[in-house]
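The lines below spell out each chain.
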Amino acid sequence: MQKALQGYKLNGFRFDRMILGTIPPRIGGIKVYDKNIARNEIIMDLDLFYAGDCDINFVLGGIRGGIKDFQIHGTVRVVMKPLIPVTPLVGGLQIFFLNNPNIDFNLVGVADLLDMPGLSDLLRRIIVEQIAAMMVLPNKLPIILSDQIEALSLKMPEPEGVLRIHVVEAKNLM
């Protein structure tokens, strides 16, 4: 996050306190794939919605502020692989959003002054970019569940052939 903030000429960012709260995320719309997958994996898509009671405090260039009422909504894919013959039956997890999730939050404290058009949009863009850099496809969050599995196999799996195309402009279409 420090590098992203430096790119926008915002230096001196640090978290003072991060409390994620007591409200768990809500999961719905679970889809488990059974076609076109390897025999040693389980793939699930989950509709994730988190509207928790978090309390996050930060300092940005000497200005203290906080984030409350953080909300995130998106489709999360969980890949459980490889399947192993001993408990926990799954060697590890790969967790990632298929697309950028919808994010909303309120700034509090002195940082509430930053919650104005322009600066607010900039801060939201930085947060979305950081989440994308960590866990939006092709970036994956690996979680190792067994000592028998190498971390590198979850962090850097074989290429899966994912191609993402964003159309910028089209002219003279039929």
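What counts and what doesn't
Residues numbered from 1 in each chain as written. Predicted model: local features only at pLDDT ≥ 70, side-chain atom pairs only at ≥ 80, totals over all residues. Heavy atoms only, no water. Helix = DSSP H or I, 4+ residues; strand = E, 2+ residues; numbered from the N terminus. Salt bridge = Lys/Arg side-chain N within 4 Å of Asp/Glu carboxyl O. Buried < 20%, exposed > 50% of the residue type's maximum accessible area, 1.4 Å probe, protein only.

Visitor: Kindly report on the environment of glycine 109, identifying the contributing residues and their values.
Guide: Relative to the elements of secondary structure, glycine 109 occurs in strand S7 (residues 102-109). Sequence spacing of glycine 109 and arginine 64 is 45 residues, and the spatial spacing of their C-alpha atoms is 6.9 Å.

Visitor: An account of the pattern of salt bridges is requested, with residue identities and associated values reported.
Guide: Within this structure, the stated rule accounts for 5 salt bridges. Note that aspartate 34 is salt-bridged to lysine 35, the shortest N-O span being 3.9 Å. Take aspartate 34 and lysine 35: they sit in the same class, and that class is exposed. A salt bridge links arginine 77 to aspartate 45; the shortest N-O distance between them is 2.6 Å. Separated by 32 residues along the polypeptide, arginine 77 in strand S5 (residues 63-83) and aspartate 45 in strand S3 (residues 42-51) bring together distant segments of the chain. Judged by relative accessible area, aspartate 45 falls into the buried class, the value being 7%. Ionic contacts of the salt-bridge type, sharing partners, join the residues Arg17, Asp55 and Lys68 into one network.

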